[in-house]
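# Observations on chain architecture
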Amino acid sequence: MSELDGINQHFEELRKRLLRIVLVIGIITAFILTFHAEPIQVGQTTLYYPTPEPLNNIAAQITNHMKINLVPEDVQLIQTAPGQAFFAQVYIAALVGIVVSMPIIIKELVGFIKPALKENEINVSRSITIPALGLFITGCAFSYNLVIPYILDFLYRYGESAGLVTFLNVIEFVTFVLQFLLAFGFSFQLPLVMYAISASGMVDTDFWRKNIRYAIVIIVIFGAIITPDGSGVTMWFIAGPMIALYATGMVLIERKERKKLNT
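What counts as what
Residues numbered from 1 in each chain as written. Predicted model: local features only at pLDDT ≥ 70, side-chain atom pairs only at ≥ 80, totals over all residues. Heavy atoms only, no water. Helix = DSSP H or I, 4+ residues; strand = E, 2+ residues; numbered from the N terminus. Buried < 20%, exposed > 50% of the residue type's maximum accessible area, 1.4 Å probe, protein only. Contact = heavy atoms within 4.5 Å. Areas by Shrake-Rupley, 256 points an atom, 1.4 Å probe, with all protein chains shown as cover. Salt bridge = Lys/Arg side-chain N within 4 Å of Asp/Glu carboxyl O. Expected span 1.5 Å × (residues − 1). Bend = angle between axes of the 7 residues up to and from the residue. UniProt positions renumbered as here; feature names shortened; annotations may be inferred. Core = buried A, V, L, I, M, F, W, Y, C linked by side-chain atoms within 4.5 Å. Phe/Tyr/Trp six-rings, centres within 6.5 Å; stacked < 30°, edge-to-face > 60°. 1 Å grid on protein atoms, 1.4 Å probe; cavity = no way out; pocket = protein on both sides within 12 Å on 5 of 7 lines; lining within 4 Å. Points joined across faces, edges and corners; volume = space filled by probe spheres on them. Nonpolar A, V, L, I, M, F, W, Y, C, P; charged D, E, K, R; others polar. Axes fitted to C-alpha atoms, helices over the stretch in contact; angles between N-to-C directions. Parallel < 35°, antiparallel > 145°, perpendicular 65-115°, else oblique. Left-handed = near helix turned anticlockwise from the far one by under 90°.

### Quick notes on the overall build of the protein
Counting secondary structure elements, the protein contains 11 helices and four strands. Across the 263 residues of the protein, 37% fall into the buried class. Restricting to contacts in the protein with at least 6 residues of sequence separation, those with at least 24 account for 75%. Of the roughly 15900 Å² of accessible surface on the protein, a fraction of 66% belongs to carbon and sulfur atoms.

In structure tokens, the structure reads:
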């Protein structure tokens, strides 16, 4: 087999795996845009079952939930052009599709790079799949419940103090929320990434402690880039938790290494 044939095979395999990922995300996204989650009471528990209702779909229900829980009091959520509400729902449905498809995405990506990995790297990649999904969801939940409400309230308090009536475009609102959800979902992977790099032997255990100052600078810069204002206050909503995550990852890696040496 020539080198060109080998490259073509790799591209063909990558194309098939990406196609499967896109197909799964597309099916879930279409489902969320087509069906409505209808509640049903079973004893003391509320369960939901899907019913076809494209105009009042699950994405619209999520949008309404976000409006109730995240938009500050006296701020009006509006659309200023036809179709904005629809596109906002598409964004939300796509994000939910990505989150729900995460096990498939990780499985396909690990399957593609598996031939290039050493045995210990393959074991590491398998062991972090479920924790990666758990940390992503935890990061999104932390952002949704604690960070986004405070940031929005902080930013729009300026308009309230000036006696202004504030309107928030639905596309800008959804983009803002999804930006923070993704930022926190991926930033919560930091301890796992540190563990995977150390476990695969790419760096030694002391690497993270030696470079903590550089890591803090990079994290603060990232927080400043991802936040929408220049006040220097909201960036710490991202930088603070990431620094704590870095320290947590560093301590866990060092503890694991000490335990290995003692056995």
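### Side note on the pattern of salt bridges
Close approach of charged atoms allows side chains with opposite charge to pair. Counted according to the given criterion, the structure contains two salt bridges. The shortest N-O distance in the salt bridge between R15 and E12 comes to 2.8 Å. Pair noted here: R15 and E12 are both in helix α1 (residues 3-34), with a separation of three residues, about one helical turn. A residue is classified by how much of its surface remains accessible, and R15, at 45% relative accessible area, is partly exposed. The residue R209 makes a salt bridge to E254 at a minimum N-O spacing of 2.8 Å. Of this pair, R209 sits in helix α9 (residues 207-210) while E254 sits in helix α11 (residues 235-262), and the two are 45 residues apart along the sequence.

### Let's talk about helix α6 (residues 129-161)
Taking 1.5 Å as the rise per residue, α6 with 33 residues should run 48 Å; its terminal C-alpha atoms sit 47 Å apart, in good agreement. When the local axis directions of α6 are compared, the greatest deviation, roughly 40°, occurs at S143. Listed as buried for α6 are A132, F136, G139, C140, S143, Y144, V147, I148, I151, L152 and G159. Directly after α6, the chain includes G163, whose backbone phi takes a positive value near 75°.

### Regarding the UniProt feature "transmembrane region" (unreviewed entry) in the protein
Residues annotated in UniProt with the feature "transmembrane region" (unreviewed entry) correspond here to residues 18-37, 86-106, 127-152, 164-190, 211-227 and 233-253. End C-alpha atoms of residues 164-190 are separated by 40 Å, and the span's content is 70% helix alongside 15% strand. Note that residues 233-253 is 90% helix and 0% strand, and that its end C-alpha atoms are spaced 31 Å apart.

### Brief notes about the nonpolar core
By size, the foremost hydrophobic cluster in this structure holds 49 residues, and its most contacted members are L70, I148, F173, V177, F180 and L181. Residue contributions to this core peak at 11 residues, all from helix α7 (residues 170-187). For L70, the residues in contact, after removing those within four places along its chain, are Y144, I148, P149, L152, F173 and V177. Within the second largest apolar cluster, seven residues are counted, among which are I28, L33, A59 and A93.

### Details of the packing of aromatic side chains
Applying the stated criterion to the full structure yields nine aromatic pairs. Relative to F184, the ring of F142 has its centre 5.7 Å away and its plane inclined at 45°; by these criteria the two rings are tilted. You can see F142 sitting in helix α6 and its partner F184 sitting in helix α7, a full 42 residues away along the chain. A ring pair is formed by F207 and W208, whose centres lie 5.0 Å apart and whose planes are at 85°; its orientation type is edge-to-face. Here F207 falls in the partly exposed class, since its relative accessible area comes to 31%.

### Some thoughts on the layout of surface pockets
Any empty space left between atoms is shown by rolling a water-sized probe over those atoms. A volume near 350 Å³ is recorded for the second largest pocket. Residue composition of the lining of the second largest pocket, by class: 13 nonpolar, two polar and no charged.

### Digging into the packing of helix α10 (residues 212-226) against α11
Pairs of packed helices are described in terms of their axes, by the angle between the two and the distance that separates them. Remark: α10 packs on α11, axes separated minimally by 8 Å, with the N-to-C direction vectors making an angle of 150°. As far as their axial angle goes, α11 and α10 are roughly antiparallel. For the pair α10 and α11, the crossing hand works out as right-handed. Across the interface between the two elements, I212, A215, I216, I219, V220, F222, G223, A224 and I226 of α10 pack against M235, W236, I238, A239, M242, I243, Y246 and M250 of α11. Classifying every residue of the contact of α10 with α11 gives 16 nonpolar, one polar and no charged.

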